[in-house]
Amino acid sequence: MSNWNNFNDAESPAFSLIPKGTLAKVRMTLKPGGYNDPSQGWLHGWATRGDTGSIYLSAEFVVLEGKYARHKLWSKIGLSSVKGTSTWGQMGRSFIKGALNSAFGLHPDDESATAQAGRCIESFGDLDGLVFVGKVDWEKDLQNEDRAVIKIPIMPDHPQYKELMGAATSASVARAAHRAQVPAHIAHTAQPPAAAQSVAGRPAWAQ
């Protein structure tokens, strides 16, 4: 009997989580959820409205290098809580700020005009395809099983940042932004992943 008729001697599927505390260079991709709120500036359908009424960005993170390359993790970036409190939204804003700092090599205490421009976005589409260094954590899913997530971006002042991110990454973004005379985040997202290109309403520079 061939191997494709009898699977008794096949290896059992193995599944292991990326260990807590692992630092990894990741690419973030947003899954459009179709929710808009013009009063908040949430346009082009990037946000998702959950069953409970909470609003968030549905993010996928792909590990780009190292032992866990090509592994995927998923997290929700909070925008608005159904409870009406600002805590979840502030956590989401903090995560995005950290991801931008990490992606563009901006020290968290840098308040220069260049750094402030790098922390501004035109739309959530600017975050689609963002590459930065993140720290892996675990949380429980709906089945009460552990799953690996990215909750904390790693800043440029971390001792392992340059090793993981690559010294040329932030420099190349800065050079491209200088040549184009546009903020660094615009230069970074000039050629977004194909998934992002299909979303209607993206500004001309993001096509």
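Scroll up to find the structure.
Computed from a prediction, not measured in an experiment: that's the story for all the values here.

What counts as what
Residues numbered from 1 in each chain as written. Predicted model: local features only at pLDDT ≥ 70, side-chain atom pairs only at ≥ 80, totals over all residues. Heavy atoms only, no water. Helix = DSSP H or I, 4+ residues; strand = E, 2+ residues; numbered from the N terminus. Buried < 20%, exposed > 50% of the residue type's maximum accessible area, 1.4 Å probe, protein only. Areas by Shrake-Rupley, 256 points an atom, 1.4 Å probe, with all protein chains shown as cover. Salt bridge = Lys/Arg side-chain N within 4 Å of Asp/Glu carboxyl O. Contact = heavy atoms within 4.5 Å. Polar contact = N/O pair within 3.5 Å; in protein donor to acceptor, adjacent residues only side chain to side chain. Phe/Tyr/Trp six-rings, centres within 6.5 Å; stacked < 30°, edge-to-face > 60°. Lys NZ or Arg CZ within 6 Å of the ring centre and 35° of its normal. 1 Å grid on protein atoms, 1.4 Å probe; cavity = no way out; pocket = protein on both sides within 12 Å on 5 of 7 lines; lining within 4 Å. Points joined across faces, edges and corners; volume = space filled by probe spheres on them. Nonpolar A, V, L, I, M, F, W, Y, C, P; charged D, E, K, R; others polar.

### Overview of the overall build of the protein
Line of reasoning, step 1. Counting its regular elements, the protein contains six helices and seven strands.
Line of reasoning, step 2. Each helix (α) and strand (β) of the protein, taken in turn from the N terminus, gives the series β-β-β-β-β-α-α-β-β-α-α-α-α.
Line of reasoning, step 3. Burial analysis of the protein (207 residues in total) assigns 39% to the buried set.
Line of reasoning, step 4. Within the structure as shown, the protein displays about 12,200 Å² of accessible surface, and the carbon and sulfur contribution to it stands at 51%.

### Examining unusual backbone geometry
Line of reasoning, step 1. One non-glycine residue, Arg70, adopts positive backbone phi at about 80°.
Line of reasoning, step 2. In this structure, Arg70 sits in the loop between strand 4 (55–63) and strand 5 (72–80).
Line of reasoning, step 3. Not every positive phi belongs to a glycine, and Asn144 is a case in point at roughly 65°.
Line of reasoning, step 4. Mapped onto the secondary structure, Asn144 falls in the loop between strand 6 (131–140) and strand 7 (146–153).
Line of reasoning, step 5. The exposure class of Asn144 is exposed, given its relative accessible area of 53%.

### Re the pattern of salt bridges
Line of reasoning, step 1. If you walk through the whole model with that rule in mind, you get four salt bridges.
Line of reasoning, step 2. A salt bridge links Glu65 to Lys25, with the nearest nitrogen and oxygen atoms 3.5 Å apart. Note that Glu65 is positioned in the loop between strand 4 and strand 5 and Lys25 in strand 1 (residues 23–31), a separation of 40 residues in sequence.
Line of reasoning, step 3. On the basis of relative accessibility, which here comes to 46%, the residue Glu65 falls in the partly exposed class.

### Re the environment of Glu139
Line of reasoning, step 1. Structurally, Glu139 is set in strand 6.
Line of reasoning, step 2. Taking the C-alpha atoms as reference, Glu139 lies 7.1 Å from Val149; in sequence the two are 10 residues apart.
Line of reasoning, step 3. Setting aside residues up to four positions removed in sequence, Glu139 forms contacts with Glu145, Asp146, Arg147, Val149 and Lys151.
Line of reasoning, step 4. Reaching out from Glu139, the side chain makes a polar contact with the side chain of Arg147 at a distance of 2.6 Å.

### Here's the deal with the packing of aromatic side chains
One pair of aromatic rings is described through two measures. These are the centre distance and the angle between the planes.
Line of reasoning, step 1. Applying the stated rule across the entire model yields five aromatic pairs.
Line of reasoning, step 2. On the basis of an interplanar angle of 80° and a centroid distance of 6.1 Å, the ring pair of Phe95 and Phe132 is categorised as edge-to-face. Taken as a pair, Phe95 in helix 1 (residues 87–104) and Phe132 in strand 6 lie far apart in primary sequence, 37 residues in all. This pair shows no difference in class: Phe95 is buried, exactly as Phe132 is.
Line of reasoning, step 3. Of the aromatic side chains, those joined through ring pairs into one cluster are Phe61, Phe95 and Phe132.
Line of reasoning, step 4. Above the ring of Tyr56, the side-chain terminus of Lys76 is found at 4.6 Å from the ring centroid.

### Some thoughts on the layout of surface pockets
Line of reasoning, step 1. Taken as a whole, the largest pocket spans an internal volume of roughly 670 Å³.
Line of reasoning, step 2. Within the lining of the largest pocket, the residues separate by chemical class into seven nonpolar, eight polar and nine charged.
Line of reasoning, step 3. The space that makes up the second largest pocket amounts to roughly 490 Å³.
Line of reasoning, step 4. Taken together, 18 residues make up the lining of the second largest pocket; nearest its centre are Trp42, Arg93, Ile96, Ile121 and Phe124.
Line of reasoning, step 5. Mapped onto the lining of the second largest pocket, the elements with two or more residues apiece are strand 5 and helix 1.
Line of reasoning, step 6. Broken down by element, the lining of the second largest pocket gets its largest block of residues, seven residues, from helix 1.

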